[in-house]
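# Inside the fold
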Amino acid sequence: MNRLLFVLPLLTLAILAGFFGWSLLSGRDPASIGSVMVGRAAPALPQALGDGLVKTGKPVLVNFFASWCAPCLAEHPLFERLKSREGAVIIGIAWKDKPEATRAWLARLGDPFARLGFDQHGKIALDWGLSGVPETYLIDAQGIVRLHFRGPITERDLGTILPLLRGGS
Amino acid sequence: VTTPVVPSGAQRSRGTSFLRRWQKRPLGFARGDGVAMLVALLLACGPGHAVEPSEMLPDPALEARAREIGRGLRCVVCQNQSIDDSAAEVAHDMRRAVRERLGAGDSDRQVMDFMVARYGDYVLLKPPFKPDTWLLWLGGPLVLLLAGGGLLLAARRRRPVEAMPAPLSDAERARVAALLGDRSRECQRPSN
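This section reports on the structure supplied with the text. Predicted model only: the values in this text are computed from it and were never measured.

The rules behind these values
Residues numbered from 1 in each chain as written. Chains lettered and ligands numbered in written order. Predicted model: local features only at pLDDT ≥ 70, side-chain atom pairs only at ≥ 80, totals over all residues. Heavy atoms only, no water. Helix = DSSP H or I, 4+ residues; strand = E, 2+ residues; numbered from the N terminus. Buried < 20%, exposed > 50% of the residue type's maximum accessible area, 1.4 Å probe, protein only. Contact = heavy atoms within 4.5 Å. Areas by Shrake-Rupley, 256 points an atom, 1.4 Å probe, with all protein chains shown as cover. Salt bridge = Lys/Arg side-chain N within 4 Å of Asp/Glu carboxyl O. Polar contact = N/O pair within 3.5 Å; in protein donor to acceptor, adjacent residues only side chain to side chain. Nonpolar A, V, L, I, M, F, W, Y, C, P; charged D, E, K, R; others polar. Phe/Tyr/Trp six-rings, centres within 6.5 Å; stacked < 30°, edge-to-face > 60°. Lys NZ or Arg CZ within 6 Å of the ring centre and 35° of its normal. Disulfide = S-S within 2.5 Å. Core = buried A, V, L, I, M, F, W, Y, C linked by side-chain atoms within 4.5 Å. Expected span 1.5 Å × (residues − 1). Bend = angle between axes of the 7 residues up to and from the residue. Axes fitted to C-alpha atoms, helices over the stretch in contact; angles between N-to-C directions. Parallel < 35°, antiparallel > 145°, perpendicular 65-115°, else oblique. Left-handed = near helix turned anticlockwise from the far one by under 90°.

### Notes on the overall build of chain A
Of regular secondary structure, chain A possesses six helices and five strands. The helix and strand sequence of chain A, counted from the amino end, reads α-α-β-α-β-α-β-α-β-β-α. The proportion of buried residues among the 169 residues of chain A is 44%. Looking at chain A alone, contacts between residues at least 24 apart form 72% of all its contacts between residues at least 6 apart. Carbon and sulfur atoms form 61% of the exposed surface of chain A, whose accessible area is close to 9100 Å².

Here's what the structure looks like:
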């Protein structure tokens, strides 16, 4: 019994090492704050924006972006592709951006958005639980938020987006 | 090729003479002055606040409540700062939302719930006590209890139980009485 007690510190060390190893290798992001939006009804959008788009039997992507945001630039071609190849309905909301700057940005890069909204004071964003730009939400045909990406979407994310987008209802 | 920058002799002598003059000044710094200045500085710089004057509510009571709430809400992009301490855009928006809710007559609880509904428990600097967080809240005390229990157990096991001496036999008791003799009787009646 007393002999076993000597193993205790070693065992503690092994457990700690195991935990640290797992933290390093599992790809877990401790900075991720998660999202409580997924599985909930999408928050309301201003009438002019969401009108006739959300809850009409077709999934909708909502993308918060800004012309001053570099990751937004990086993900922009993916939205162009989703629109042209998949016919995705994408609502763009410019967050804390001057409308003229947003328009110039879209004119230069192409405009994949079915509707464009402006949230200069971050009021819409707060209702969506936004932490910054870019962030993207996928809302299913029933108006339920299915996906919430914090940060730019990448090729890899298309694997989760496309089935839900095509699945429709 | 480098050209060393050496102060000229004239400059150097001027410097030392200034120093000497300063040291001779009758109104130099006394020994305690440095400490006093340090204390004043420390008092002057409290924790940094990001709350901008333009955000503040005109009603000081409401503003005080907003501060109290803001201190308990975590900025969602800066991890370990409250929204009151953070200069992030989102923190600014959240501070404004807190004040808007308060202005609309919400209770503190309702304002907190408003934020939790949007950002989850993550937004609370003090996590709530519920099954998800039992380990978080009770883990520390539990480990302390386990360690304390273990120590107690080890301490008890290490000390051998001291054998009580056998009670005195009648003969021994008689001998003790004989040895103590009169003295014990004196003790029983100290004030004669």
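### Regarding the pattern of salt bridges
Pairs can form between side chains of opposite charge once their charged atoms are near each other. Using the criterion set out here, one finds 18 salt bridges over all chains in the structure. Put simply, A:R81 and A:E155 hold a salt bridge, and the shortest N to O gap is 2.5 Å. One end of the pair, A:R81, is in helix α3 (residues 70-86); the other, A:E155, is in helix α6 (residues 155-167), with 74 residues separating them in the sequence. Between B:D170 and B:R173 there is a salt bridge; the shortest N-O distance is 3.9 Å. Of this pair, B:D170 and B:R173 both sit in helix α7 (residues 170-188), separated by three residues, roughly a single helical turn.

### Here we look at the interface of chain B and chain A
Taken residue by residue, the interface counts 20 residues in chain B and 20 residues in chain A. Across the contact surface, chain B and chain A share four salt bridges. Of the charged contacts in the structure, one is a salt bridge between A:K96 and B:D93, with a shortest N-O distance of 2.8 Å. There are seven residue pairs in polar contact (both at pLDDT 80 or more) connecting chain B and chain A. Where the side of chain B that touches chain A is concerned, the elements lending two or more residues are α4 (89-103) and α5 (108-119) of chain B. Top element by residues in the side of chain B that touches chain A is α4(B). It accounts for eight residues. Broken down by class, the residue content of the side of chain B that touches chain A amounts to 11 nonpolar, three polar and six charged.

### Remarks on the packing of aromatic side chains
With the rule as written, the count across this model stands at nine aromatic pairs over all chains. Aromatic side chains A:F64 and A:Y137 sit 5.9 Å apart centroid to centroid with 70° between the ring planes, which places their arrangement in the edge-to-face category. Of the two residues, A:F64 sits in strand β1 (residues 60-65) while A:Y137 sits in strand β4 (residues 135-139), which places them 73 residues apart along the sequence. Residue classification places A:Y137 among the buried residues on the basis of a relative accessible area of 0%. Here a set of aromatic residues connected by ring pairs shows up, and it is made of A:F19, A:F20 and A:W22. Lying over the aromatic face of B:F114, B:R118 brings its terminal NZ or CZ to 3.7 Å of the ring centre.

### Examining the state of the cysteines
On inspection of all chains with the given rule, the structure shows two disulfides over all chains. Residue A:C69 pairs covalently with A:C72 via a disulfide, S to S 2.1 Å. Taking the sign of the torsion about the S-S bond as the criterion, the disulfide between A:C69 and A:C72, at about 90°, is right-handed. Here A:C69 and A:C72 have matching classes, each one buried. Across a sulfur-sulfur distance of 2.2 Å, B:C75 and B:C78 are joined as a disulfide pair. With the S-S dihedral at roughly 75°, the linkage between B:C75 and B:C78 falls on the right-handed side.

### Regarding the nonpolar core
By size, the foremost hydrophobic cluster in this structure holds 67 residues, and its most contacted members are A:V62, A:F64 and A:L82. When near neighbours in sequence (up to four residues on either side) are disregarded, A:F64 contacts A:I93, A:D119, A:I124, A:A125, A:W128, A:L130, A:V133, A:P134, A:E135 and A:Y137.

### Things to note about α3(A)
All names here are of chain A. Relative to the 24 Å expected for 17 residues at 1.5 Å per residue, α3 spans 25 Å between its end C-alpha atoms, a close match to the ideal helical length. Where α3 bends most, the angle comes to about 35°, and this point is H76, followed within four residues by the proline P77. Here α3 has its buried residues at C72, E75, H76, L78, F79 and L82. Its buried side turned inward, α3 meets β1, β2 (89-95), α4 (99-109), β4 and α6.

### Things to note about the environment of B:V51
Here B:V51 is to be found in the loop between α2 (31-44) and α3 (60-72). Not counting residues up to four positions away in its chain, the partners in contact with B:V51 are B:M56, B:E63, B:R67, B:D84, B:R95 and B:R99.

### Considering unusual backbone geometry
All names here are of chain A. Omega for the peptide link from V133 to P134 comes to -5°, which places this bond in the cis form. For P134, the position within the fold is in the loop between α5 (123-127) and β4. A positive phi is found at K96, a non-glycine position, where the angle reads about 50°. Within the secondary structure, K96 sits in the loop between β2 and α4. Judged by relative accessible area, K96 falls into the buried class, the value being 15%.

### Regarding the packing of α4(B) against α5(B)
All names here are of chain B. One way to put it is that α4 packs onto α5 with a least axis distance of 9 Å and a crossing angle of 140°. The orientation of α4 relative to α5 falls into the category oblique. Read as a crossing pair, α4 and α5 show a hand that is right-handed. Note on element contacts: α5 touches α4 through D108, V111, F114, M115 and Y119, opposite V90, M94, A97, V98, R101 and L102. Each residue belonging to the contact of α4 with α5 can be placed in one class, and the counts come to nine nonpolar, no polar and two charged.

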